[in-house]
Amino acid sequence: MKYFLISDNTDTLAAMRMVGITGVVVHQEAEVKAALEEAVQDPEVGLVLITSKLYTQFQTLVFHYKLHRAKPLIVEMPDRHSNDNVADDIKRYIYEVVGIKI
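Being a predicted model, the structure only gives us computed values, none of them experimental.

A. Fine view of helix 2 (residues 29–41). Taking 1.5 Å of rise per residue, the 13 residues of helix 2 would be expected to cover 18 Å, and the 18 Å separating its terminal C-alpha atoms lies within 8% of that figure. Among the residues making up helix 2, those that are buried are Val 32, Ala 35, Leu 36, Ala 39 and Val 40. The buried side chains of helix 2 occupy one side of the element, clustering within an arc of 130° when seen end-on. Pointing more than 90 degrees away from the buried face of helix 2 are the exposed residues Ala 30 and Gln 41. In the core, the buried residues of helix 2 are packed alongside strand 1 (2–7), strand 2 (22–25), strand 3 (45–51), helix 3 (52–57), helix 4 (59–68) and strand 4 (73–77).

Right, here's the structure in full:
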């Protein structure tokens, strides 16, 4: 299973590439849609990470893919540009996905 990142900034993509995750940097709705299409067409991609800003900005588009596609799993990923408390979000995601409370 591969991961795929859809990001709005190059810093997040560069960091994720260090751990072997590929992806794209996008800013417009058409670019987000193209990136989602690329991810769902690849049978090896099991998880799509999308930064919080893009997730919020293009919620309708992302929800369409989440509702109409069984695979891949699309997950919002906070990054250093998120307005929320990123540490708490990451801890919550780990607990929800893996079941380990940190």
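B. The arrangement of the side chain of Thr 51 in detail. Considering the arrangement of structural elements, one finds Thr 51 in strand 3. Once you skip the residues sitting within four places of it in the chain, Thr 51 turns out to touch Leu 5, Ile 6, Ser 7, Asp 8, Thr 12, Met 77 and Asp 79.

Calculation criteria
- Residues numbered from 1 in each chain as written.
- Predicted model: local features only at pLDDT ≥ 70, side-chain atom pairs only at ≥ 80, totals over all residues.
- Heavy atoms only, no water.
- Helix = DSSP H or I, 4+ residues; strand = E, 2+ residues; numbered from the N terminus.
- Expected span 1.5 Å × (residues − 1).
- Buried < 20%, exposed > 50% of the residue type's maximum accessible area, 1.4 Å probe, protein only.
- Arc of directions from axis to C-beta.
- Contact = heavy atoms within 4.5 Å.

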